[in-house]
Amino acid sequence: MVVRSYSGYYYVDCAGVMITCKVKGHMKQKRFSLCTGDRVQLEVNPDKADEGMITAILPRRNYLERPTVANLDLLVITLALVQPDFSFLIADKLLILAEAATVPVLLVLTKADLTAEEQRERIAAVYRKIGYETFVISSKTGEGIDALRKRLEGKVTAFGGPSGVGKSSALNAIQPGVLRTTGEISTKISRGKHTTRYTELIPFNGGYLADTPGFGNVLMENLEPEALPACFPEFRQFEAACKFSPCSHTHEPVCGVKDAVRENRVAPSRYASYLSILEELKENKARNRR
């Protein structure tokens with residue numbers, strides 16, 4: 001498995017042995033996509049057992065473009081409850097990216113020690129009701145850390161979320177020294193001190209943890225407006241009551257989803273995110289036609 005890449009070199013974990021690889025010439029003659037998390041076949045240099053050439057990329061189970069990583073068991077979407085204030089829109093955009101990429105996802109809400117219990121439970125309840133696993137944690141007090149650590153055992157997991165939400169603190173609470181490890185890796189490949197610009201997988205309890213580049217502006221240019229409703233799993237049970245199929249759940253006179261919003265069976269915050277994102281996707285599509 002490719003655990004990191006930099007400047008044309010791929011660092012591959014092969015049964016516990018780290019092999020520095022380049023790509024075989026025949027692969028360069030055609031377009032190929034290779035990233036952290038990919039499973040590959042390789043030929044080991046007979047003269048240097050820690051060097052090799054990648055000869056093939058195995059089929060992916062899933063793939064995320066931002067952060068760029070493949071074959072995840074879990075994407076941990078990390079957002080702060082406060083400082084910065086929780087954003088339903090950013091949370092929903094990140095969940096949509098995971099849904100569109102068919103990546104299993106769980107939500108981690110950080111800085112619980114700075115938040116009243118009523119507020120944090122109100123936010124968590126929105127997502128738990130839909131079926132998303134949601135952990136409320138504090139890296140400072142340790143609240144929720146043991147449960148989250150246990151959940152990630154044996155999994156290939158990427159942490160993603162905007163900068164400043166406590167993602168790095170959460171990683172260090174789960175696996176003390178994990179960012180020191182990535183800092184050492186960065187130095188070895190001439191990156192200087194640790195700054196999360198590339199996705200790197202670090203061994204953790206029978207699996208891997210990935211610290212991914214922070215992102216605040218979630219780009220959704222590859223998602224078609226027509227595909228958006230399917231990325232809101234709570235809509236599905238109400239779509240049978242829509243008069244039209246497909247239904248945009250916006251202007252139609254008979255719409256089961258809009259009825260569910262009015263009856264509070266779909267969270268108003270989620271529907272507001274849906275409308276905002278739908279408009280963004282339509283604008284992107286129109287812009288690309290020009």
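We now turn to the structure provided with this report.

### Some details on the overall build of the protein chain
At step 1: The helix and strand tally for the protein chain stands at eight helices and 13 strands.
At step 2: When each of the 290 residues of the protein chain is scored for burial, the buried share is 48%.
At step 3: Of the contacts formed within the protein chain by residues at least 6 apart in sequence, a portion of 65% connects residues at least 24 apart.
At step 4: Element-wise, carbon and sulfur atoms account for 51% of the exposed surface of the protein chain, whose accessible area totals about 14,400 Å².

### Describing the pattern of salt bridges
At step 1: Applying the stated criterion across every chain yields a total of 15 salt bridges.
At step 2: Its salt-bridge partner being Asp73, residue Arg61 comes within 3.1 Å of it at the nearest N-O pair. With Arg61 in the loop between strand E5 (51-57) and strand E6 (63-64) and Asp73 in the loop between strand E7 (69-70) and strand E8 (74-80), this pair connects stretches of sequence that are 12 residues apart.
At step 3: The partner of Arg120 in a salt bridge is Glu143, and the shortest N-O contact between them spans 2.8 Å. One end of the pair, Arg120, is in helix H3 (residues 117-130); the other, Glu143, is in the loop between strand E10 (133-136) and helix H4 (145-151), with 23 residues separating them in the sequence.
At step 4: Each of Asp92, Glu234 and Arg270 takes part in a single network of salt bridges with overlapping partners.

### Points about the state of the cysteines
At step 1: If you walk through the whole model with that rule in mind, you get zero disulfides.
At step 2: Cys21 provides the cysteine sulfur closest to Cys14, a residue in no disulfide bond, and the two sulfurs are 8.3 Å apart.
At step 3: Its relative accessible area of 34% is what places Cys14 among the partly exposed residues.

### Points about helix H2 (residues 88-100)
At step 1: For H2, spanning 13 residues, the distance from its first C-alpha to its last is 18 Å, which sits close to the expected 18 Å at 1.5 Å a residue.
At step 2: Buried within H2 we find Ala91, Asp92, Lys93, Leu94, Leu95, Ile96 and Ala98.
At step 3: Check the buried side of H2 and you find it contacts E8, strand E9 (105-110), H3 and helix H8 (268-289).
At step 4: Thr102 lies just past H2 and shows a positive phi near 55 degrees.

### A short note on the nonpolar core
Soluble globular proteins tend to pack their nonpolar side chains together in the buried interior.
At step 1: Formed by 32 residues in total, the largest nonpolar core has its most connected members in Leu72, Leu75, Ile77, Leu109 and Tyr127.
At step 2: For this core, the secondary structure elements donating two or more residues are E8, H2, E9, H3, strand E11 (156-160) and strand E13 (207-211).
At step 3: In this structure, Tyr127 is in contact with Phe86, Phe88, Ala91, Asp92, Leu95, Leu107, Tyr132, Thr134 and Arg270, ignoring residues within four places of it in sequence.
At step 4: Listed in part, the 20 residues of the second largest apolar core include Leu223, Phe232, Phe238 and Ala260.

### Observations concerning the pairing of E5
At step 1: Across four bridges, strand E3 (residues 17-23) lies against E5 in parallel orientation. In the strand pairing of E5, Lys22 is matched with Met53.
At step 2: The loop that links strand E4 (residues 40-44) with its antiparallel partner E5 comprises six residues.

### Concerning the pairing of E8
At step 1: Within E8, seven of the seven residues are buried, which leaves it mostly tucked inside the rest of the structure.
At step 2: Note that E8 and E11 share four bridges and pair parallel. From the neighbouring strand, Ile77 faces E11, where its bridge partner is Gly160.

### Observations regarding the sheet that holds E4
At step 1: If you trace the five strands from one edge of the open sheet to the other, you get E1-E2-E3-E5-E4, paired in mixed fashion. Edge strands, defined here as strands with exactly one partner in the open sheet, are strand E1 (2-6) and E4. The sheet shows a mean angle of 40 degrees between the axes of neighbouring strands, taken without regard to direction.
At step 2: Across five bridges, the pairing between E4 and E5 is antiparallel. When the bridges of E5 are listed, Gln41 appears paired with Ala56.

### Side note on helix H5 (residues 167-174)
At step 1: For H5, every residue scored as buried is listed here: Lys167, Ala170, Leu171, Ala173 and Ile174. Mapping the buried residues of H5 onto a view down its axis gives an arc of 160 degrees, with all of them on the same face.

### Some thoughts on the packing of aromatic side chains
At step 1: In the structure shown here, the tally under the stated rule is seven aromatic pairs.
At step 2: Taken together, a centroid distance of 5.0 Å and an interplanar angle of 15 degrees make the contact between Phe232 and Phe235 stacked.
At step 3: Through a chain of ring-to-ring contacts, three or more aromatic side chains come together here, namely Phe232, Phe235, Tyr271 and Tyr274.
At step 4: Looking at Arg4, its charged tip hangs above the ring of Tyr11, at a distance of 4.6 Å from the centre.
At step 5: Over the ring of Tyr9 we find Lys22; its NZ or CZ atom is 4.9 Å from the centre of that ring.

The rules behind each value
Residues numbered from 1 in each chain as written. Predicted model: local features only at pLDDT ≥ 70, side-chain atom pairs only at ≥ 80, totals over all residues. Heavy atoms only, no water. Helix = DSSP H or I, 4+ residues; strand = E, 2+ residues; numbered from the N terminus. Buried < 20%, exposed > 50% of the residue type's maximum accessible area, 1.4 Å probe, protein only. Contact = heavy atoms within 4.5 Å. Areas by Shrake-Rupley, 256 points an atom, 1.4 Å probe, with all protein chains shown as cover. Salt bridge = Lys/Arg side-chain N within 4 Å of Asp/Glu carboxyl O. Disulfide = S-S within 2.5 Å. Expected span 1.5 Å × (residues − 1). Core = buried A, V, L, I, M, F, W, Y, C linked by side-chain atoms within 4.5 Å. Pairing = 2+ DSSP bridges. Axes fitted to C-alpha atoms, helices over the stretch in contact; angles between N-to-C directions. Arc of directions from axis to C-beta. Phe/Tyr/Trp six-rings, centres within 6.5 Å; stacked < 30°, edge-to-face > 60°. Lys NZ or Arg CZ within 6 Å of the ring centre and 35° of its normal.

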